[in-house]
Amino acid sequence: MTKFRPLHDRVLVRRVTAEEKSAGGIIIPDTAKEKPQEGEVVSVGAGARNEQGQVVALEVKAGDRILFGKWSGTEVKLDGEELLIMKESDIMGIVETSSATAKAA
């Protein structure tokens, strides 16, 4: 796999796979699916510079599960996989799973 490291305050994100069925059990065709607004951080840049010129580290890290806006990021294809590159400011939040949920998965 190609090594890719985003620059500055950019983040490389892999979208989570969309559900194949609705809550009622109806199978959703690919053409009707909305792209998920949830993803996993693959890698992050070093951080942005503040007014004093110091690098401020990002709050997200590789492996974090995040939520982002519907139109956030730029789609890129690396090694045949579709990923997103976005600024940290496009990320709305980190999805935290409880330890009970993590053990069940």
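Located above this text is the structure these notes cover.
Computed from a prediction, not measured in an experiment: that's the story for all the values here.

Student: Go over the overall build of the protein with me, naming the residues and quoting the values.
Tutor: A tally of helices and strands in the protein yields one helix and eight strands. Secondary structure elements of the protein, listed N to C terminal, follow the sequence β-β-β-β-β-β-β-β-α. In the protein, buried positions account for 25% of the 105 residues. Across the protein, every contact between residues at least 6 apart in sequence was considered, and the portion connecting residues at least 24 apart equals 61%. Just so you have it, the protein exposes about 7,700 Å², and 52% of that area is on carbon and sulfur atoms.

Student: Break down the environment of Ala-48 for me, citing the residues and quoting the values.
Tutor: Secondary-structure assignment places Ala-48 in strand S3 (residues 48–49). Taking the relative accessible area as the measure of exposure, Ala-48 reaches 27% and is therefore partly exposed. Each C-alpha atom of the pair Ala-48 and Lys-87 lies 9.9 Å from the other, and the pair is 39 residues apart in sequence. Not counting chain neighbours up to four residues away, the residues in contact with Ala-48 comprise His-8, Asp-9, Gln-54, Val-55 and Val-56.

Criteria and thresholds
- Residues numbered from 1 in each chain as written.
- Predicted model: local features only at pLDDT ≥ 70, side-chain atom pairs only at ≥ 80, totals over all residues.
- Heavy atoms only, no water.
- Helix = DSSP H or I, 4+ residues; strand = E, 2+ residues; numbered from the N terminus.
- Buried < 20%, exposed > 50% of the residue type's maximum accessible area, 1.4 Å probe, protein only.
- Contact = heavy atoms within 4.5 Å.
- Areas by Shrake-Rupley, 256 points an atom, 1.4 Å probe, with all protein chains shown as cover.

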